[in-house]
Number of protein chains: 4
Amino acid sequence: MGIRIAVAGASGYAGGELLRLLAGHPEFDLVAATAHSQAGQRVDAVHPQLTGLDLTFAQTTADVLADADLVFLALPHGESAALAAQLPAGVRVVDLGADHRLADSAAWASYYGGPHAGTWTYGLPELPGQRERIAAATRVASTGCYAATVTLALAPLIAAGAAQPTDVVVVAASGTSGAGRAAKAHLLGSEVMGDLSPYKVGAHQHVPEIKQATGATGLSFTPVLAPMPRGILATVTALPAADTDPRAVLAQAYADSPFVHVLPEGRWPHTAATLGGNSCHLQATVDADSGRLIVVAALDNLGKGAAGQAVQNANLMFGLPETTGLSTWGVAP
Amino acid sequence: MGIRIAVAGASGYAGGELLRLLAGHPEFDLVAATAHSQAGQRVDAVHPQLTGLDLTFAQTTADVLADADLVFLALPHGESAALAAQLPAGVRVVDLGADHRLADSAAWASYYGGPHAGTWTYGLPELPGQRERIAAATRVASTGCYAATVTLALAPLIAAGAAQPTDVVVVAASGTSGAGRAAKAHLLGSEVMGDLSPYKVGAHQHVPEIKQATGATGLSFTPVLAPMPRGILATVTALPAADTDPRAVLAQAYADSPFVHVLPEGRWPHTAATLGGNSCHLQATVDADSGRLIVVAALDNLGKGAAGQAVQNANLMFGLPETTGLSTWGVAP
Amino acid sequence: MGIRIAVAGASGYAGGELLRLLAGHPEFDLVAATAHSQAGQRVDAVHPQLTGLDLTFAQTTADVLADADLVFLALPHGESAALAAQLPAGVRVVDLGADHRLADSAAWASYYGGPHAGTWTYGLPELPGQRERIAAATRVASTGCYAATVTLALAPLIAAGAAQPTDVVVVAASGTSGAGRAAKAHLLGSEVMGDLSPYKVGAHQHVPEIKQATGATGLSFTPVLAPMPRGILATVTALPAADTDPRAVLAQAYADSPFVHVLPEGRWPHTAATLGGNSCHLQATVDADSGRLIVVAALDNLGKGAAGQAVQNANLMFGLPETTGLSTWGVAP
Amino acid sequence: MGIRIAVAGASGYAGGELLRLLAGHPEFDLVAATAHSQAGQRVDAVHPQLTGLDLTFAQTTADVLADADLVFLALPHGESAALAAQLPAGVRVVDLGADHRLADSAAWASYYGGPHAGTWTYGLPELPGQRERIAAATRVASTGCYAATVTLALAPLIAAGAAQPTDVVVVAASGTSGAGRAAKAHLLGSEVMGDLSPYKVGAHQHVPEIKQATGATGLSFTPVLAPMPRGILATVTALPAADTDPRAVLAQAYADSPFVHVLPEGRWPHTAATLGGNSCHLQATVDADSGRLIVVAALDNLGKGAAGQAVQNANLMFGLPETTGLSTWGVAP
């Protein structure tokens, strides 16, 4: 008898990927999956990639979830707090939403609006000391997809004094699954195929999370929607703070992290190599003309950027190897 | 100590997928992977999705392979026979190429040309009695991707007397990985994105394999290249031979096959739901206007159409559950 | 002072393409474009590809349209008849919807439901004698995108006695713009990219139009949604009725049609070559195994399949060369 | 009798787009198109989107070209200079390659290598005073696709003293046609679909051209290959030099430029809206967190980034309106 797992909000894209990972996890037993408008439907009617999974969506209520050892919350931003508050203290919770990530209530109010739900242990295991904090926690706020990508690229450089935190410039492009499964005209296939489209330019709600997690004090962050279902590619540039090889700093920072791969010199990350896995690929150089540090990071926004990350956190919370039930290999081409 | 596995021709797309599956297989130990021009390179330099896999391509020679318990051959069509002939009889072999699939030497000569290498046990486990034959074999010719798709859709209907074998019409579209990894101008991304392109219309080399495996005696087969990396969708139509529900025939035929899913009525297969897994999705109906039977089949040409199928065959050859190390779930979206 | 043109329902994909063509047409003056929920918005806020076009959507009313010399109706199926009935007899009308295409009221009732609006001159100029009928008409029902593709491929073969009309099998794949611009979850980019998905298998509403226009008496028609914004590729097979070269029949049928190109032997149509233009590419052969005739047709579903076709009809209705304001060249890659 | 035009190197993607534009140009007569390995083939065998164009590729020699009034050179970088030197002085030349763009021989040597061919009039008409210079020139070096995108976004801001030239950061993603038509494995559809892939990070050969054309003195430029055939989206950030509205500066700079559209506030450029046309879409803002200026530019790399730009230059060289034979509308979706 394994560890009992429930997923709230499992009808979306991150939820579907969570169910896929959980269905193959050797220690976790998927006991419940909930949805909103699709409650009552078979899971594989909503997620045809899980055809054969014998499970039906329940309504999203605390009662349905309270019986689990751990609950993943894959709800729209703003809906986690109320539900989490109703769960027994003994039930561990990993929130894939943004509600409990920010330590700064003012930043929450400014970018998201509404009351701040409070701050949980930040679920990015590769940050220094974070694996231990996650293992000791019962409530974990799993990192956002953009924040995970940029933080893995940048945090060690600022921490090591190799990069200045004051003038960081990031352009990050994401596959469309990052925009969710709600039917919106600008996300139709006809619109997104063949198209690169920036959005929320100049004021994206993930800025405070990225600053908090990376240590950056000044950040220009421009997200772009890219014509592919999955994947984030972030180009992170910062002014150098010392004459240090940025690649070496990253390689040392992640020497013991099984999912973060600093590529051999000359090879640059690209998103397709991370699809379906829990890995993040990194490379860094010093720009010949400007002298800026350039770090490129690639990951699967539904994998290491969402569902895979969440399972990695859950593994740590139960004392399992963090790689349990996760793959570092991508599905390509 | 697991079963020792080697892969010849592992630098192509089917080879890469094989390596991915083998790297996660609980009973198989990947001991060697060979390549031609890329021998001497690290596997993850050629397959960046396998970054972290600590293996280097060897030259493709019988010596390198002879030490394994089983060798997968993922070579270009026409190159398997010579290499297989040099392998010790005690080494099991699964050939992903076409060399040993056809029973009819004349058909080989007509569609492929050159001498026929002989006929091995046909590696499509879902055909009646085939699991036993594969389990008893030391040489297995794994089915081709188009043939697998069409055969799973059609063979039970002809065998059950539900469909006439005389006038079968198939249009099947494949993702571009089915065309291989050789650099050809017409396969450039600029050419294939946004494009549907038929090829080898009226005379495709897979016709004799499909006829042999399905029992069809007259077959119009038109393949189309589709703008996606993976996936085959086959639309198979045949004249009815009896007043039988084709869906029921298929459901009965695959009741004990873990990877073949006849979908609930009203749901039709689509390729994205099978990406990265070893499943085949099927649905069937009777056309309202023409009375023809229409069966649609979807699978991943590199999964159930190639590497997954090959591993499934290898599992059977070693007495393992056929699902070992394979997933029926797709990676979507 | 040119011919005054209005477009009703110009906020959809076919409407947007019409506006693009009309904005560059040397004889037509675009005087009004109407929309439903987007009335009051600038055209280029809805169609950013028309940035700089100084026009605002009006509400769709007969008053707005009655002042034009010709009105294009690009409305959802079922909405054309009521509006058309309110337009003065002197205003020419080209309907891009299905309302007035079918001659058979019973077929309309069976496939579309509701009362049949009546039959207008069928707007496929390449059918024998049709240019003259269109030139003489004041009401033209422009052909549907699938029907145009299949009819151009098949009608001459049946008419010439080269193909039997009794057992025609068609599989046709379309880009997603054919499914319209309404926000639907299954049309999200995340769903359609990387995916081939059949729909309405066994009973598609375009069957009666295709039968009427081609002369086919038995038709199995399976449509597939393909991962690209535009383009239709139809594979049409029929039993031969005579020992005739099907390519020669087509070449003769279209010798004087500037937009229909029977390709040189050995070259097969593909959709990307027709994107953005008003051309249809055709090729035909006799299948080596089955003896069936195979014709492949490619066109742009928004071009020759919708807006381009409609402009071609309008040109004829005003005695202009049918190529006026239209291009036979595609935009590729 | 129109102006006689020849195209050298017309078998590539930019060459094909040039032929398409020239085939529809009201003042230019296409009299010759040359190719290398495809000389002797019909143009439409190489560019199927031009099916029906009755022209055969000649060998690329000065003799073939010398009879034209203007020659477009669409040759690989490094091949223009030798051919141009053989053309009579009276033949106007527009070079789409990089050979004659740079004023700084040292920069040429450093980024391209080999001897510098000399500097021609820079073919970006929207730069101040440049239309006049182009009109007076007989030799014009048409701007590169990345340089056009970044220069249109940035040059007016530096010129107006609104942006500092010292620390410009650009991330620009391009469709795959920008990488050319040569068969390379990493450009296969199987590789590029679903993938974002940075390249030449830290040292791209377009840096000196961009600096020369924009006035930037420090530039970090990171190009990314995006999964679409056409389009460039550049995100350009610079430190502010004054408290100026960057959008207003751009709007004023391009008030009289028919192809450059500064979008209404709130609308951001995206590539699909520019496909097939000669337009560039721009928008700008001040980043809320960092205070950096952010400008986003989108254009079609084969249109305003190559062939369209070249035709625009040619129009000016013959005293025609710069819009002759060009469209500002995109083909979407």
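Note that residues are indexed from 1 along each chain, following the sequence as it is written. Each chain is given a letter, starting from A, and each ligand a number, starting from 1, according to the order in which they appear as written. Thresholds applied to this predicted model are a pLDDT of at least 70 for local features of residues and 80 or more for the giving and counting of side-chain atom pairs; totals over whole chains, interfaces and linings are not thresholded and use all residues. For side-chain calculations, the full set of non-hydrogen atoms in the structure is used, while hydrogens and water are omitted.

1. A short note on the domain arrangement of chain A
Residue and element names in this part refer to chain A.
- Note that the domain bounds reflect an automated or database-derived domain assignment. In terms of domains, chain A is made up of domain 1 (3–142 + 304–317) and domain 2 (146–301).
- Any two residues having at least one pair of non-hydrogen atoms within 4.5 Å are treated as being in contact. Taken together, the contact between domain 1 and domain 2 spans 25 residues of the former and 32 residues of the latter.
- Accessible area, probed at 1.4 Å, shrinks when two parts are joined; the buried area is that loss added up over both. Carbon and sulfur atoms make up 55% of the area that domain 1 and domain 2 hide from each other, which totals about 2100 Å².
- The three residues of domain 1 that bury the most area against domain 2 are Tyr13, Tyr111 and Lys304, which together make up 31% of that side's buried surface.
- Any carboxyl oxygen of Asp or Glu within 4 Å of a side-chain nitrogen of Lys or Arg constitutes a salt bridge here. If you look at where domain 1 meets domain 2, you find two salt bridges.
- With a shortest N-O distance of 3.1 Å, Arg101 and Glu209 are connected by a salt bridge.

2. Remarks on the interface of chain D and chain A
- On the side of chain A, 45 residues touch chain D, which itself brings 45 residues to the contact.
- Across the chain D to chain A interface the summed buried area is about 3400 Å²; carbon plus sulfur atoms make up 62%.
- Of all residues in chain D, Leu196(D), Val201(D) and Asp289(D) give up the largest surface area on contact with chain A, accounting jointly for 17% of the area buried on that side.
- Inspection of the region where chain D meets chain A yields four salt bridges.
- Polar contact criterion, stated in full: a pair of N or O atoms within 3.5 Å, where within protein one must be able to donate a hydrogen and the other to accept it, and residues adjacent in sequence count only if both atoms are side-chain atoms. Where chain D meets chain A, there are 18 residue pairs in polar contact (both at pLDDT 80 or more).
- Numbering of helices and strands starts at the N terminus; helices are DSSP runs of H or I of at least 4 residues and strands are runs of E of at least 2. Of all the secondary structure elements, the ones that give two or more residues to the side of chain D that touches chain A are β8 (168–174), β9 (197–198), α9 (207–214), β10 (219–225), β11 (232–238) and β14 (293–299) of chain D.
- At five residues, the largest contribution of residues to the side of chain D that touches chain A is made by β10(D).
- All residues other than Ala, Val, Leu, Ile, Met, Phe, Trp, Tyr, Cys, Pro, Asp, Glu, Lys and Arg, Gly among them, are scored as polar; the first ten of these are nonpolar and the last four charged. Broken down by class, the residue content of the side of chain D that touches chain A amounts to 24 nonpolar, 14 polar and seven charged.

3. Things to note about the packing of aromatic side chains
- A pair of aromatic rings is counted whenever rings of Phe, Tyr or Trp (Trp by its six-membered ring) have centres within 6.5 Å, and the orientation is called stacked for planes under 30 degrees apart, edge-to-face for over 60 and tilted otherwise. According to the stated counting rule, one finds 12 aromatic pairs over all chains in the structure shown.
- Ring geometry for Tyr146(B) and Phe221(B): centres 5.2 Å apart, planes at 75 degrees, overall edge-to-face. Placement of Tyr146(B) in helix α7 (residues 145–159) and of Phe221(B) in strand β10 (residues 219–225) is noted, with a sequence separation of 75 residues between them.
- A simple rule labels every residue: compare its accessible area, found with a 1.4 Å probe on the protein chains alone, to the largest value its type can have, and call it buried under 20%, exposed over 50%, or partly exposed in between. With a relative accessible area of 2%, Tyr146(B) lands in the buried category.
- Between Phe28(C) and Phe318(C), the ring centres sit 6.0 Å apart and the planes meet at 70 degrees, which makes this aromatic pair edge-to-face. Pair noted here: Phe28(C) is in strand β2 (residues 28–35) and Phe318(C) is in the segment after α11 (303–317), with a separation of 290 residues, a long-range link.
- The class for Phe318(C) is partly exposed, based on a relative accessible area of 22%.
- Only when the NZ atom of a Lys or the CZ atom of an Arg is both within 6 Å of the ring centre and within 35 degrees of the ring normal do we say a charge sits over the ring. One Lys or Arg, Arg139(B), reaches over the ring of Trp120(B) and ends 6.0 Å from the middle of that ring.

4. A word on the UniProt feature "domain: Semialdehyde dehydrogenase NAD-binding" (unreviewed entry) in chain A
- Using the residue numbers shown here, the UniProt feature "domain: Semialdehyde dehydrogenase NAD-binding" (unreviewed entry) corresponds to residues 4–135 of chain A.
- As annotated, residues 4–135 of chain A comprises 29% helix and 20% strand, and the C-alpha atoms at either end are separated by 17 Å. UniProt positions are given in the numbering used here, feature names are shortened, and annotations may be inferred rather than shown by experiment.

5. Structural notes on the interface of chain B and chain D
- Contact residues are listed per partner, giving 19 residues for chain B and 19 residues for chain D.
- Interface of chain B and chain D: buried area, both sides summed, is about 1400 Å²; carbon and sulfur atoms make up 61% of it.
- In terms of surface lost to chain D, no three residues of chain B exceed Leu188(B), Ser190(B) and Met193(B), which account for 41% of the buried area on that side.
- Taken together, the links from chain B to chain D amount to two salt bridges.
- At the boundary of chain B with chain D, the tally comes to 10 residue pairs in polar contact (both at pLDDT 80 or more).
- The leading source of residues in the side of chain B that touches chain D is helix α8 (residues 189–192) of chain B, at four residues.
- For the side of chain B that touches chain D, the residue count by class is 11 nonpolar, five polar and three charged.

6. Concerning the side chain of Asn301(A)
Residue and element names in this part refer to chain A.
- Turning to its location among the elements, Asn301 is positioned in the loop between β14 (293–299) and α11 (303–317).
- Using a relative accessible area of 2% as the deciding quantity, one classes Asn301 as buried.
- Only 2.7 Å separates the side chain of Asn301 from the backbone nitrogen of Gly231, close enough to count as a polar contact.
- Once residues within four sequence positions are removed from consideration, Asn301 is found in contact with Cys145, Ser174, Ser177, Gly178, Pro229, Arg230, Gly231, Ile232 and Ala306.

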